[in-house]
Structure formats: C-alpha cells, structure tokens
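# A structural walkthrough
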Amino acid sequence: MGEEREPGSVGDVEAMREEVARLRAEVRQLRTRMGSRPLIAQAQGMLRERYALPDVETAFALLQRASQQYNVKLRTLAEAAVSAPRPDGRGTLWFPGRARQAEPSLTFKEGRDRLTGRGNRSEVLTAVLSQTLAVVGTDMGNVQIADRAERGLRIERHTGLTDDFVDFFGFVGEEGTSCALAARDITQVTVRDVATHPVFTEDARQAILLAGSRACHSVPLTTASGLCVGMVSAHLEHPVGELTRAQLKALTVVGAEVGEWLAWYDRTVVLDALEHLHALGRAHSGSRVLRR
C-alpha cells in the first residue's frame, strides 16, 4: 500500500493551487466567449440571410473557415463582417477594385526580429509589448486593442500581471484608467504613483496595487490620421519619475509604427478574410456545412 499524505500537506496545497488556476483559466475563457457571442450571433444571422444558408451552424462554419484560413480572430472577423458595407450582389467580389499595399515595416528591434511577410497580428502584438517593456525597464505590461463595438479597450497580450488584474481589466471603458485617458487624448500618459493619481476609480486603483504595480506608462497605438487603434502599457513595482526624452521618442516610434501596421492589417488581412467568407457564402448557398 502507498503512503498516505496527511491533509494539508505541501502536495495537497500545490494540487489545490493548480486546480484553482485551471478553474480561473476556464472561467476566463468562458467570459471571453460570452462577450463575443452576441457579435458572432449577429454575423451568423447576417450571413444566413445574405447567402440563403440553411441554418446558423452553417453560417458559423463559414466564419470559422475564413477565420482559420487567414488567421484572423473570430470576433474580429465577425465585427468586420457586420460593419462592412453590403457587397454588390451583381459581382463576385465583396470589395472590387480594392487597392492593396505592402505590409508596413517595423524599425524597432523587437519588430525587426519577428518573422515578417505573413501579416501575423499575434507576432506584432508580442513584439510591441516586448519592445515597450525593454524601453521602460520592467517585466509587467499588456497590449489592448480598441473595441469599436463596445467603445473601449480589450486586453489581447499581457505578461507579468496577475490573473486578478487580467480579469478586472480584460475590458475597460472610456474612463477610470490611465489607458483610457491616453486613448482619449491620443498621448502618452505616465502615472508616477498609482496610489495617489486621480485618474483611477477606486476599484481600478486597488486592482492595480494588488497586482504589484505602483506606476505605469501607457502608449497609444495610432494611425497616420490620429486614430487610436490600441494601447500598450508598462507597469512598474515602484513609484517613478517622468520618462526620459529618449524613452518617450522610442515609444513614439513604437506607437506610430504599430498603429499603422494594425490599420494595414484591418484593411488588408481582415478584408482578405471577408472576401474569402463572401466566396464561401456564394459557393455554399442553400447547402449545409459542418464546423471543423
């Protein structure tokens, strides 16, 4: 017979921690799915009506195939599908005569080191986060993407932050945080001390402090026309002073280049995925398709 462990042993505590972590990850995934469900359902209904599809499952299957073909997140594709102008029923293309541009280059180190030429959004978000943390000198931070439908910012990349932080700030609105202020004013924002800065709601302040952050710096990701399409933020363990001129200049380059890259992605890769979705809809009109 094996040796029995006493209740409360180190092994039991570790097993409990692993189970809690697993459950928290599962809850987070469910919350993400629930948040995306209304938008995806709207896209399914639109596709079913437009292409005379037999059911919503077929509509989802077509969304899924286009999403996987172009490596575009399902929520991103659904949002683009419902917001894009209706295609001309007389043509085979959704966006006839669309001008195509080459993928913009990223000149900062982490951007240059990534694999290029694939329009990989995940790689770019990882690169901008790594570069920002290197410039600021910390290992805590996150990248958010602007959510036009919900009018706010949604976390898509993070490192060094607690699960509670990611849960609390998974989506933020237009007020109550430094990133919301940076997005509104289209300017970099330094919070020298989270404990005393007036920008935060009290709930947000406590969530940041409990994550071990006492200062933060937010950099808007902007297009040439001045539109904020996302945000990258670095968090630090201690109160800080203002960043140096060299740091601010380096982060300005990051924000402008990645903002332009994300704009290119939306008007190129996402529209390519929509064009593929349109072809699938026309090809499978009236027939049932199973999800993969």
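From a predicted model like this one, the values you see are computed outputs, not experimental measurements. (Residues numbered from 1 in each chain as written. Predicted model: local features only at pLDDT ≥ 70, side-chain atom pairs only at ≥ 80, totals over all residues. Heavy atoms only, no water.)

## Here we look at the overall build of the protein chain
The condition is simple: Secondary structure elements follow DSSP: runs of H or I of four or more residues count as helices, runs of E of two or more count as strands, with numbering from the N terminus. The buried label applies to any residue whose accessible area, calculated with a 1.4 Å probe on protein chains only, is under 20% of its type's maximum; exposed applies above 50%, and partly exposed to all values in between. Any pair of residues with heavy atoms lying within 4.5 Å of one another is described as a contacting pair. In these tables, accessible area is a Shrake-Rupley quantity obtained with a 1.4 Å probe, and a residue counts as shielded only by the protein chains included in the view.
On a plain count of helices and strands, the protein chain comes out with ten helices and six strands. Evaluated residue by residue, the protein chain yields a buried proportion of 46% over its 292 residues. Across the protein chain, the fraction of contacts at a sequence separation of at least 24, relative to all contacts at a separation of at least 6, is 64%. Surface summary for the protein chain: the accessible area is close to 15,600 Å², and the carbon and sulfur share equals 53%.

## Overview of the packing of helix α2 (residues 56-70) against helix α10 (residues 269-283)
The geometry of a pair of packed helices is captured by two quantities: the angle between their axes and the separation between those axes. Here is the rule we go by: Angles here are taken between N-to-C directions and fall from 0 to 180 degrees, while the axes themselves are lines fitted to C-alpha atoms, restricted in helices to the stretch in contact. An angle counts as roughly parallel when it lies under 35 degrees, as roughly antiparallel when it exceeds 145, as roughly perpendicular when it falls between 65 and 115, and as oblique in every other case. If you view the pair so one helix is near and one far, a crossing is left-handed when the near helix is turned anticlockwise from the far one by less than a right angle, and right-handed when it is turned clockwise. Side-chain classes are defined by residue name, with Ala, Val, Leu, Ile, Met, Phe, Trp, Tyr, Cys and Pro counting as nonpolar, Asp, Glu, Lys and Arg as charged, and the others, Gly among them, as polar.
The contact between α2 and α10 brings their axes to 9 Å, and the two run at 140°. When the axis of α2 is compared with that of α10, the two are oblique. You can see that α2 and α10 cross each other, and the crossing is right-handed. Facing Leu 62, Leu 63, Arg 65, Ala 66, Gln 69 and Tyr 70 of α2, the residues of α10 in contact are Val 269, Asp 272, Ala 273, His 276, Leu 277, Leu 280 and Gly 281. Of the residues contributing to the contact of α2 with α10, the split by class is eight nonpolar, three polar and two charged.

## Some words on unusual backbone geometry
Located in the positive-phi region is Ala 52, a residue other than glycine, with phi close to 55°. In this model, Arg 151 sits at a positive phi of 60°, which is unusual for a non-glycine residue. Within the secondary structure, Arg 151 is located in the loop between β1 (140-147) and β2 (152-159).

## Details of the sheet that holds β2
Rules: Following DSSP output, two strands are said to pair if at least two bridges run between them.
Within the open sheet, the six strands sit side by side as β3-β2-β1-β6-β5-β4. Their pairing is antiparallel. With one partner strand each, in any of the chains shown, β3 (171-172) and β4 (189-191) form the two edges of the open sheet. With three bridges connecting them, β4 and strand β5 (residues 215-222) associate as antiparallel partners. Bridge assignment links Val 191 to a residue of β5, and that residue is Cys 216.

## What about the packing of helix α9 (residues 245-267) against α10?
For the pair α9 and α10, interaxial distance at closest approach is 3 Å and the crossing angle is 10°. One element, α9, and the other, α10, form an angle in the roughly parallel class. In this structure, α9 uses Trp 264, Tyr 265, Asp 266 and Arg 267 to contact α10, whose residues at the interface are Val 269, Val 270 and Leu 271. Here the contact of α9 with α10 is built from residues that sort into five nonpolar, no polar and two charged.

## Some thoughts on the side chain of His 278
Residue position: His 278 is located in helix α10. Judged by its relative accessible area of 3%, His 278 is buried.

## Section: the environment of Gln 206
For Gln 206, the location among the structural elements is in helix α8 (residues 202-210). Given a relative accessible area of 41%, Gln 206 falls into the partly exposed group. Taking C-alpha positions, Gln 206 is 9.9 Å from Phe 165, a pair spaced 41 residues apart along the chain.

## What to know about the environment of Ser 122
Take Ser 122: it is sitting in helix α5 (residues 121-136). On the basis of relative accessibility, which here comes to 33%, the residue Ser 122 falls in the partly exposed class. Residues Ser 122 and Glu 156 lie 34 residues apart in sequence; the distance between their C-alpha atoms is 8.9 Å.

## So, α2
Quick reminder of the rule: Multiplying 1.5 Å by the helix residue count minus one yields the expected span of that helix. Side-chain atoms alone can form a polar contact between residues adjacent in sequence; in general such a contact is a pair of N or O atoms within 3.5 Å, and within protein one must be able to donate a hydrogen while the other accepts it.
In this model α2 runs 22 Å from its N-terminal to its C-terminal C-alpha over 15 residues, within 8% of the 21 Å that 1.5 Å per residue would give. For α2, every residue scored as buried is listed here: Thr 58, Ala 59, Phe 60, Ala 61, Leu 62, Leu 63, Gln 64, Ala 66 and Ser 67. With a side-chain oxygen lying 3.3 Å from the backbone nitrogen of Glu 57, the N-terminal cap of α2 falls on Asp 55. Immediately downstream of α2, the backbone of Asn 71 shows phi near 55°, a positive value.

## Structural notes on the packing of aromatic side chains
Quick reminder of the rule: Side-chain rings of Phe, Tyr and Trp, where Trp is taken by its six-membered ring, are said to pair if the distance between their centres is within 6.5 Å; with planes under 30 degrees apart they count as stacked, over 60 as edge-to-face, and otherwise as tilted.
Tallied over the full model, the rule gives five aromatic pairs. Taking 4.6 Å as the distance between ring centres and 45° as the angle between the ring planes, the aromatic pair formed by Phe 165 and Phe 169 counts as tilted. Neither residue differs from the other here; Phe 165 and Phe 169 are each classed as buried. Each ring, one from Trp 261 and one from Tyr 265, has its centre 5.5 Å from the other, and the planes form 20°; the classification is stacked. In this pair, Trp 261 and Tyr 265 are both assigned in helix α9, four residues apart and thus about one turn of the helix distant. With respect to class, Trp 261 is no different from Tyr 265; both count as buried. An aromatic cluster is built from Phe 165, Phe 168 and Phe 169, whose rings are joined through pairwise contacts.

No statement about biological role is implied by the geometric values presented.
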